[in-house]
Amino acid sequence: MDKDKLKATADQMVAKPKGILAMDESTGTCTKRFETIGVESTEENRKKYREMLATAEGLENYVSGAILFDETLRQGIGKTLADKGIIPGIKVDTGAKELALHEGEKITEGLDGLRDRLKEYAELGCGFAKWRAVITIKGDTLPTEACIDANAHALARYAALCQEAGLVPIVEPEVLMDGDHSIERCYKITSETLEELFEELEEQGVYLPGCVLKASMVLSGKDAQDRADVKTVAEQTVKCLKENVPADCAGVVFLSGGQSNEEATDHLNEMNKMSEAGDLPWPLSFSYGRALQSSALTAWGENIDDVSAAQEKLLERAKANSDATIN
Ligand code: 13P
């Protein structure tokens, strides 16, 4: 493993005031997003859309890297990004499937053949990869320990393979915000998930300065009665991370996970505002998908051949989140 190279790439990915653009929706997810704007999900339209995002002028001032889906990388968009100084990355998991004997829970797949795929992605110019695990909260019964353990183990095996191939792994254990659970319950589950994840990463020998955590924030469930306010979310998220994320991890970037654009920005802003310089061992930034793209997607749907309005929306959100990384 080339530790120096991994650390240099990881440091570049999380260097403020930049974050990471998640534009790695699978064809299925992209099709669902296009349905909301009445655009047919053809390969050509998906390319047009991703080109619109990648060619937004000045995006490189706010974004250090972009996560792509296999199809998008092969459409040449990785090169477009790299030419403007944005590191292309690749989603390598093959999706969250039903976890056997555990109704309502998922295990992320994609380890088979991963070593060869990673080698090819490195040759195609990627600097990093992403793997997303999903953890569902339901009452007092879910998640099970079996689900947390299996997903943490898969994330660690993926991360080790990435580092062997010279790619920085983004490890993403997303605790879903679906449901009516309290913020306290989210704290407990996020804590258990992160603790298990870092134990597994250590066991597999993963080099943490060359590894980036993509975390979900500690939030009340989407349907909870009294949802915690911005300050509480920021405090609880930072507390949970400090307790569970080793200081030598390269950095933490957040997913938006269904938060509104403004919520996602406000939460990140509050966390960075309340942390004195030097107070946190790692940078806190963003790796949003929906919270960066949704207003741009709507604008693009008005006229898919006129990209300027959509790019303006993307840049507006990218700048707001970039500003939120600095206190
Ligand atoms: P959201 O910000 O839309 O949750 O997407 C981030 C992501 O990459 C999920 O894997």
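Scroll up for the structure.
Okay, so let's go over this structure. (Residues numbered from 1 in each chain as written. Predicted model: local features only at pLDDT ≥ 70, side-chain atom pairs only at ≥ 80, totals over all residues. Heavy atoms only, no water.)

**Details of the overall build of the protein chain**
Inference 1: Secondary structure assignment for the protein chain yields twelve helices and ten strands.
Inference 2: At 18 Å, the protein chain has a C-alpha radius of gyration in line with the 20 Å of a compact globule built from 327 residues.
Inference 3: Over its C-alpha atoms, taken along the principal directions, the protein chain stretches across nearly 50 × 45 × 45 Å.
Inference 4: Taking all 327 residues of the protein chain together, 55% fall into the buried category.
Inference 5: For the protein chain, long-range pairs separated by at least 24 residues make up 78% of all intrachain contacts whose partners lie at least 6 apart in sequence.
Inference 6: Per element, the accessible surface of the protein chain, about 13,800 Å² overall, is 46% carbon and sulfur.
Inference 7: Separation of charge centres in the protein chain, based on 37 positive and 58 negative side chains, amounts to 3 Å. (Helix = DSSP H or I, 4+ residues; strand = E, 2+ residues; numbered from the N terminus. Rg over C-alpha atoms; globule rule 2.2 N^0.38 Å. Buried < 20%, exposed > 50% of the residue type's maximum accessible area, 1.4 Å probe, protein only. Contact = heavy atoms within 4.5 Å. Areas by Shrake-Rupley, 256 points an atom, 1.4 Å probe, with all protein chains shown as cover. Lys, Arg positive; Asp, Glu negative; His and termini not counted. Charge placed at Lys NZ, Arg CZ, Asp CG, Glu CD.)

**Focus on the nonpolar core**
Inference 1: In terms of nonpolar packing, the biggest core is built from 92 residues, with Y158, L213, L241 and F254 touching the most fellow members.
Inference 2: Of the residues forming this core, the biggest block, ten residues, is contributed by helix α7 (residues 145-164).
Inference 3: One finds A10, V14, I67 and V168 within the second-largest nonpolar core, a separate group that totals 14 residues. (Core = buried A, V, L, I, M, F, W, Y, C linked by side-chain atoms within 4.5 Å.)

**A few points about the layout of surface pockets**
Inference 1: Of the pockets and cavities examined, the largest pocket occupies roughly 850 Å³.
Inference 2: Taken together, 32 residues line the largest pocket, and the ones lying closest to its centre are T29, R33, R132, E174 and R290.
Inference 3: If you list the elements that add at least two residues to the lining of the largest pocket, you get α2 (27-37), β5 (106-108), β6 (128-135) and β7 (168-175).
Inference 4: For the lining of the largest pocket, the per-class residue count stands at seven nonpolar, ten polar and 15 charged. (1 Å grid on protein atoms, 1.4 Å probe; cavity = no way out; pocket = protein on both sides within 12 Å on 5 of 7 lines; lining within 4 Å. Points joined across faces, edges and corners; volume = space filled by probe spheres on them. Nonpolar A, V, L, I, M, F, W, Y, C, P; charged D, E, K, R; others polar.)

**Considerations on the sheet that holds strand β10 (residues 284-286)**
Each strand in a sheet pairs with another by means of backbone hydrogen bonds, the pair being arranged parallel or else antiparallel.
Inference 1: One open sheet accounts for eight strands, arranged β1-β2-β3-β6-β7-β8-β9-β10; its pairing is parallel. Whereas interior strands pair on both sides, the edge strands pair on one side only; in this sheet they are β1 (19-23) and β10. In this sheet, neighbouring strand axes are inclined to one another by 30 degrees on average, regardless of whether the strands run parallel or antiparallel.
Inference 2: Here helix α11 (residues 290-302) sits on the sheet and contacts β1 and β10; the angle it forms with β1, its principal contact strand, is near 55 degrees. (Pairing = 2+ DSSP bridges. Axes fitted to C-alpha atoms, helices over the stretch in contact; angles between N-to-C directions.)

**Notes on empty space enclosed by the protein**
Inference 1: As enumerated under the stated definition, the model contains two cavities of 30 Å³ or more in all.
Inference 2: Volume-wise, the largest cavity comes out at about 50 Å³.
Inference 3: For the largest cavity, the full set of lining residues is E174, V175, L176, M177, S216, M217, L219, L255, S256, G257 and Q259.
Inference 4: Across the lining of the largest cavity, the residue classes break down as six nonpolar, four polar and one charged.
Inference 5: Its volume calculated, the second largest cavity comes out at about 40 Å³.
Inference 6: Going through the elements one at a time, β6, α7 and α8 (183-203) are the ones with two or more residues in the lining of the second largest cavity.

**Focus on the site of the ligand**
Inference 1: Neighbouring the ligand are 13 residues; K130, K214, S256, G257 and R290 lie closest to it.
Inference 2: In the model, an oxygen atom of the ligand is placed 2.7 Å from a nitrogen or oxygen of the G257 main chain.
Inference 3: Using a 2 Å cut-off from the grid points, one finds that the ligand occupies the largest pocket.
Inference 4: Grouping the amino acids of the shell around the ligand by side-chain chemistry returns three nonpolar, four polar and six charged. (Near = heavy atom within 4 Å. Polar contact = N/O pair within 3.5 Å; in protein donor to acceptor, adjacent residues only side chain to side chain. Sits in = over half its atoms within 2 Å of the grid points.)

**Structural notes on the packing of helix α9 (residues 230-244) against helix α10 (residues 261-274)**
Inference 1: Running from N to C, α9 and α10 point in directions that differ by 60 degrees, and their axes come no closer than 9 Å. Crossing handedness for the pair α9 and α10: right-handed. Side by side, α9 and α10 meet where V230, K231, V233, A234, E235, T237 and V238 of the first sit next to D266, H267, E270, M271 and M274 of the second.
Inference 2: Here the contact of α9 with α10 is composed, by residue class, of six nonpolar, two polar and four charged. (Left-handed = near helix turned anticlockwise from the far one by under 90°.)

**Comments concerning the pairing of β6**
Inference 1: Burial within β6 is extensive, with seven of its eight residues counted as buried.
Inference 2: Here β6 pairs with β7 via eight bridges, running parallel. Opposite A129, over in β7, you have P169 as the bridge partner.
Inference 3: Between β6 and its parallel partner β7, the chain crosses via α7, and the hand of that crossover is right-handed. (Right-handed = clockwise from strand over helix to strand, strands pointing away.)

**Focus on α2**
Inference 1: Burial in α2 covers these residues: C30, F34 and I37. Taken around the axis of α2, the buried residues stretch over an arc of 50 degrees, which confines them to a single face. Away from its buried face, by an angle of more than 90 degrees, α2 presents the exposed residues K32, E35 and T36.
Inference 2: Structurally, α2 contributes buried residues whose contacts are with α3 (43-54) and α11.
Inference 3: Phi for G38, located one or two positions after α2, is positive at around 70 degrees. (Arc of directions from axis to C-beta.)

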